[in-house]
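# Architecture at a glance
Chain residues, written in single-letter form:
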Amino acid sequence: MKPSARSAIRHDVLTDYEVPSPDLVVRVLRAIPSSHKPASRRGRVAMQTAAVVLAAFVIGVATVGVRVSRGEMALPAGLPFGGLHPPAASYSIVDAEFVSADTAWIVAQLYVHNGPTVVMNTTDGGKTWHEQFRIPDGSSIGSLKFWNTKDGDLVEDVPSTLPPSKIPGAPGSSNMVPRTYRTHDGGGHWSLVDLPIDWSNPGGPDFSLTQLEAWRISGVELRPAKPILQHTVDGGMHWTTVGIVPAGASPGSDLTFTDRQTGWLTSNQSKSYAWDANGTPIAAAPLTALLWVTRDGGQTWAPVDLPLPAEAAANNVRLEAPVFFGKDGLLEFEVNGPPPTFRPDLSQPPTTQGWMHSYMLQSHDGGRSWGELGQTPGGLQQGGALFFDAHHWLLSQGPDITETFDAGKTWTTRQVLASGLGFSFAPWNYIDGTAIWSQVGADRLVRSTDGGAHWMAVTPPTIK
Amino acid sequence: MPANKLSRAREAADHAGFDSLITPLVEPAYRLAFAILRQRMAAEDAVQEATFKAWSKFASFRNERGGFRAWYLTIVANECRSLQRGRWWSVLRFDQVRPPQGSDESAITASDLRQTIAGLSRSDRLLLYLFYWLDLPLEEVAAVAGLSTGAARARLYRAVGRLRLEFDPSKENAT
């Protein structure tokens, strides 16, 4: 007998469910500006005096603040009054591309129900912004990718006009289809490119090395057919099958290529998807490998042995794509656990609270072997990491930056952002010897031009 | 007063204050955000951000279809969608889970179900969570999803069919 939809959906959500913090309502209400209440007569004179002093102080601070927010002045780390507080946009920054110290794009999702999505560009480090593309209600941004300051692709997901199909992978099986626009002048002009749609993977290429060369995993919806790896060298007009995704790889593997021949499949090993009759998690059969490599453009894949910490055996592991500087490689991953014990009574939440640890592995032979396992003080679980080179890393810890110059042997930590804010470091953050861009939460931006020693707020543009 | 009738008392709500309107809705908002994001901290952040946006847009609330609760949950759902769309979303993303190879088509396991749900569109998943997890009436589900009631019913039926589960006719009739 089939389970009812209601019990199945509830079971699925409750499997992961964590009760909210007891103070969630208080926290939410505190975020709302409170209404003004009249001051008592007794304190009014004292308050008026204080107000004059405060006003003078505010004018001084505001003068500095305006310069900081305009990016004219950078603030050093470790500020006495708690760190940089970049201005928040009145919208969510749902994607960003930073391709040089001065040139960046942000994708803004405006509020109010399904509001439009707008692409904004700056070429002067965030001082001025220009609108380049607007996606109307009903459609949404699929992806935005720039390979340099000129060449970029924008994928807009638009509602399918085909009759809906219940057959996975058949035309109409997805209710949104991608529409690709291409630019060669930094977004000044966009041309619609008529690309064939892979209905088994309508999200588009899984990894693009250049604007013309990309790989995708196709057929993932066509059970039980094996997923295949396809390759294009003409920007997606034609695709050729180059290999089969290894059978031992996780269904949720991410695909990355570091050059035309060398590619990586990084798996996410989750062990919390099944429970026995008592609600105890069942250890899933281990994957044959969490990391796979191809050195022939995807035709053949080989598992890579990783010396994981002991706690990875019984808990969930998530790998980031490896990063290489010549033959030196860095592989960041997290272990989180324990899998929640599921209570037979569905109305009760799972019993355990989770934890998460970040680790780093290093390679010195192009990723053939990995070692020097070390737990990192921040990183994945607290906003990610950026790498200047194989030895110099910046890890975020909420508002703090933790830095190492000796590949994790020693660390220094300093506060950069105001308490309550947090960096969102990610591989697509632009970073070179001196310049760094980073998003802060969902609606703020910061930039450094001296390798992270000083940071400047970037004022998000006003969008109408 | 039931939350879905609050919009009819807009004037009274102004006097009562936004806080008293929103407080009983924080818990269902969190449940919706958690169903979408599957991470407590992210869900709490989404609820906080959505509540602030609701507060800032409250003056423009005009007794929309479905009432205040539907209006607020729409903002919550949009906030979750924005969070997921951002590439800084660095947890295991729900929609990255792909079907395992060679699994038994006839068996509905927790893993199977999850992966099939992950294969649905975001909007179909939203319908499932609103109807079966939050137990909202179909009219309110439709309002949050921006659909007509008939379209919401049809899409729910289709989504459930894809999951190879029984559509709950009693639940449907009850609404």
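For the structure itself, look to the data block above.
My aim in this report is to walk through the structure given alongside it, one point at a time. (Residues numbered from 1 in each chain as written. Chains lettered and ligands numbered in written order. Predicted model: local features only at pLDDT ≥ 70, side-chain atom pairs only at ≥ 80, totals over all residues.)

## Overview of the overall build of chain B
In terms of regular secondary structure, chain B is built from nine helices and zero strands. For chain B, restricting intrachain contacts to residue pairs at least 6 apart in sequence, the fraction spanning at least 24 positions comes to 59%. (Helix = DSSP H or I, 4+ residues; strand = E, 2+ residues; numbered from the N terminus. Contact = placed C-beta atoms within 7 Å.)

## Examining the sheet that holds strand E9 (residues 191-193) of chain A
Within a sheet, neighbouring strands are paired by backbone hydrogen bonds and run either parallel or antiparallel to one another. All names here are of chain A. The strand order E6-E7-E8-E9 describes an open sheet built from four strands, whose pairing is antiparallel. At either margin of the open sheet sits one strand with a lone partner, and together these are strand E6 (140-146) and E9. Neighbour-to-neighbour, the strand axes of the sheet open up by a mean angle of 30°, direction not taken into account. Of the strand pairs in this sheet, strand E8 (residues 176-183) and E9 are connected by three bridges, and their pairing is antiparallel. The residue of E9 that forms the bridge with Arg-182 is Ser-191. (Pairing = 2+ DSSP bridges. Axes fitted to C-alpha atoms, helices over the stretch in contact; angles between N-to-C directions.)

## Here we look at the sheet that holds strand E4 (residues 117-122) of chain A
All names here are of chain A. If you walk across this open sheet you meet the four strands as E2-E3-E4-E5, and the pairing is antiparallel. Bordering the open sheet on either side are strand E2 (92-98) and strand E5 (130-135), each of which pairs with just one other strand. Geometrically, the sheet is characterised by an average inter-axis angle of 20° between neighbouring strands, direction not taken into account.

## A short note on the nonpolar core
All names here are of chain B. One finds Ala-29, Ala-33, Val-47, Val-76 and Leu-127 to be the most contacted residues of the largest nonpolar core, which totals 125 residues. When residues in this core are grouped by element, the largest group, 12 residues, is from helix H2 (residues 18-37). Two domains each put at least three residues into this core: domain 1 (1-91) and domain 2 (104-167). Once residues within four sequence positions are removed from consideration, Leu-127 is found in contact with Val-141, Ala-145, Ala-152, Arg-155, Leu-156 and Ala-159. (Core = buried A, V, L, I, M, F, W, Y, C linked by C-beta atoms within 7 Å. Buried ≥ 20, exposed ≤ 12 C-beta atoms within 10 Å, placed from the backbone. Domains from an automatic or database assignment.)

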